[in-house]
Amino acid sequence: MTAATPVPTTAPVAVAAGATTAPAAPTPAATTGSAAASTATTITAIASAATTSTATTSTDSTTTVTTTTAGATTAAVTATAATTAFTPVEPTRTAGAATGTAASGTVRTGTARTTLAPAAPTPAAAPPTAAAPHTPAVPDSEGQTGPTAALPGLPQALSTRARTLAGAVRRRCADLARIESPSGDAPRLDALAEELAAGFRATGATVQREPGPAGDHLVLEWEGRDESLPHLLVVGHHDTVWPAGILTDWPVTEQDGTLSGPGVVDMKGGLAILEGAFALLADLGQRPHRTVRLVVVSDEEVGSPDGRRLVERQLRDAAAVLGLEPPHPDGRLKTARRGSTRVRLTVTGREAHAGNDAADGVSAVDELVDQLVAVRSLTSLPGTELNAGRISGGSRANVVAGRAEAELGLRFSTTEAQRRTLDNLARLTALRPGARVRTEVLSSRPAWPERSANPLLRHVRSLAAVLGQQLDGAPAGGAGDTNLPGSRGLPTLDGFGAVGGGAHARHEHIRIDQLAPRIALLAALLAVPLPRLRDRSEG
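Keep in mind the model is a prediction, meaning the values are calculated, not measured.

Let's talk about the pairing of strand β13 (residues 320-323)
Next up, step 1: Covered by surrounding structure in β13 are Ala320 and Leu322 together with Val321 and Gly323, the residues of both alternating faces.
Next up, step 2: Note: strand β9 (residues 232-237) against β13, 4 bridges, orientation parallel. The residue bridging Leu232 from the neighbouring strand is Ala320, located in β13.
Next up, step 3: Relative to strand β20 (residues 492-493), β13 runs parallel, the two sharing 2 bridges. Bridge pairing in β20 places Leu322 opposite Leu493.

Below, the structure is given as structure tokens:
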């Protein structure tokens, strides 16, 4: 077993499109980022590592470029566009000073300013290869033609570039994990939101900060090639279950092909992969096929009590919904989720001296214990699970407890089980005279049932196959923000985040070798037209 190695900090994975293959001047050093954000440096070290690891497949790439945004310093990876049969979208940039020299200028996206710095000198590129002849699409076993037939050459370009970018995405994930962001800690969540906004702006997104009671949410949008189509919605979150200070005894480390640390799989890895996917498209001079909107909420780990409104707002007219939660440990996507509800059970008793006047008191702690036993029997319906996650109460050992409470986590496989269980909890009454019991629903997500026909999964499987990947889907036990669209029948898939395991546990990790396949898959899903997913969907 190799020793764990702390991962050096880097900058957002931003890619400037349209770089030329001609030699250019060296890259200027990056400036220092804000104290709240991760330390940003030039991307040259990342590029060198990425080029070394992919030298046999990506000898035509060059990487450098620093970019500066408000509040944080970011970096861009500029790579020569792959020779493919599709037509790239021309990026917005200023003309070069002379023929054969990389242009320099600025691209304004939102409030950020991305500087297209000259690329570092590179060896002469190999002569371009001829574009592969167009081969008619062959229908699959279900009678559908290949998903990338309209963009021949794209799969190879995506896979090659994804391998080049994987190192930068890995370090980006490590940087995001070093910005602690526990649910409810608004200053820390806002610092991470600013860092995420800087990175996504550099890939061409417009960013809107949505204030929330426990930290700002983000709503981002990328223009598509066909703005007339319904948008593709992606949902994610930047809060974690880990308390502030956890990095002191559990630093972000790389060991034996994995990256471990608080929040790496749930879900900072997913956010880094999506940033890498958009960076990859920009690298190839491509835009998403349709408008893409991303909602990143700050309270998902506590049920999205405020962030839910933003997700619901963007569901209107969405063609499909993708979730950035981690997949199953074997990489399968998530095709359904159980419903979940957080309930606070509060008991009020009467305080008294535990030695002299115990008979005058009513113990809230004793009442709560008895109520939890009763609740256990009420939640024994098929398809229902209960977790008593937190209990508190009382003040001193010599005082009869006047107050106690428990926070319960409930999971349901069906909406009927959810309804019946919550009705039972609402009717709880005190078991001893003088005690009072109150049930409060803190957050609730409806069950997202498995559906027999799943054209979105079929489409993603076809894309994965074209990229040389084997992929499938299966229901998941946990709940998330994709429960909302899934429960309403919208085409929904979750699990597009980093492959790994140990969410909410000390062995949380991602598999480094699975970053490139996930980057390529997401980039393909953004770039390729969606099939007809439901009757009222267009395109």
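Anyway, onward from the coordinates.
Let's talk about the sheet that holds strand β15 (residues 339-348)
Two pairing modes exist for strands in a sheet, parallel and antiparallel, and in both the strands are linked by backbone hydrogen bonds.
Next up, step 1: Spatially, β16-β17-β15-β18 is the arrangement adopted by the 4 strands of the open sheet, whose pairing is antiparallel. Of all strands in the sheet, those bounded by a partner on one side alone are β16 (384-393) and β18 (436-445). When strand polarity is set aside, the average angle formed by the axes of neighbouring strands in this sheet is 20 degrees.
Next up, step 2: Against the sheet, helix α6 (residues 364-378) contacts β15, β16, β17 (403-412) and β18, and its axis sits at roughly 15 degrees relative to β17.

Some details on the environment of Ser443
Next up, step 1: Following the sequence through the fold, Ser443 ends up in strand β18.
Next up, step 2: Owing to a relative accessible area of 8%, Ser443 belongs among the buried residues under this scheme.
Next up, step 3: Here the alpha-carbon distance between Ser443 and Ser304, two residues 139 residues apart in the chain, equals 7.1 Å.
Next up, step 4: Apart from residues lying up to four places away in sequence, Ser443 is in contact with Val302, Gly303, Ser340, Thr341 and Arg342.
Next up, step 5: Polar side-chain contacts of Ser443 include one of 3.3 Å to the backbone oxygen of Val302.

A word on the packing of helix α3 (residues 186-201) against helix α4 (residues 264-283)
Next up, step 1: Across the interface, α3 lies against α4 with an axial gap of 10 Å and an inter-helix angle of 20 degrees. With respect to each other, α3 and α4 are oriented roughly parallel. Pair α3 / α4 crosses with right-handed handedness. For the pair α3 and α4, contact is made by Leu192, Leu196, Gly199 and Phe200 and by Lys268, Leu271, Leu274 and Glu275, respectively.

Points about the nonpolar core
Next up, step 1: Counting residues in each nonpolar core, the largest one holds 75 residues, and the members touching the most others are Leu158, Leu274, Leu294, Leu324, Val460 and Phe496.
Next up, step 2: In this structure Phe496 touches Ile273, Leu322, Gly323, Leu324, Glu325, Leu333, Val460, Arg518, Leu521, Leu522 and Leu525, once residues within four positions along its chain are discounted.
Next up, step 3: The next biggest cluster of nonpolar side chains, apart from the first, holds 17 residues, and it includes Val343, Ala364, Leu368 and Ala406.

With respect to the environment of Arg411
Next up, step 1: Relative to the helices and strands, Arg411 is located in strand β17.
Next up, step 2: Put simply, Arg411 and Gly339 are 72 residues apart on the chain and 5.5 Å apart in space, counted from C-alpha to C-alpha.

Side note on the pattern of salt bridges
Next up, step 1: Under the defined criterion, the tally for this structure stands at 31 salt bridges.
Next up, step 2: Arg488 is paired through a salt bridge with Glu312; the nearest N and O atoms lie 2.6 Å apart. Taken as a pair, Arg488 in the loop between α9 (483-487) and β20 and Glu312 in helix α5 (residues 308-315) lie far apart in primary sequence, 176 residues in all.
Next up, step 3: Judged by its relative accessible area of 28%, Glu312 is partly exposed.
Next up, step 4: Note that Arg438 is salt-bridged to Glu440, the shortest N-O span being 3.6 Å.
Next up, step 5: Glu440 gets classed as partly exposed once you look at its relative accessible area, which sits at 27%.
Next up, step 6: Because the salt bridges share partners, they merge into one network encompassing Arg342, Arg390, Arg403, Glu405 and Glu407.

Reading the values: the criteria
Residues numbered from 1 in each chain as written. Predicted model: local features only at pLDDT ≥ 70, side-chain atom pairs only at ≥ 80, totals over all residues. Heavy atoms only, no water. Buried < 20%, exposed > 50% of the residue type's maximum accessible area, 1.4 Å probe, protein only. Helix = DSSP H or I, 4+ residues; strand = E, 2+ residues; numbered from the N terminus. Pairing = 2+ DSSP bridges. Axes fitted to C-alpha atoms, helices over the stretch in contact; angles between N-to-C directions. Contact = heavy atoms within 4.5 Å. Polar contact = N/O pair within 3.5 Å; in protein donor to acceptor, adjacent residues only side chain to side chain. Parallel < 35°, antiparallel > 145°, perpendicular 65-115°, else oblique. Left-handed = near helix turned anticlockwise from the far one by under 90°. Core = buried A, V, L, I, M, F, W, Y, C linked by side-chain atoms within 4.5 Å. Salt bridge = Lys/Arg side-chain N within 4 Å of Asp/Glu carboxyl O.

Keep in mind that these numbers describe shape and distance, not what the molecule does.
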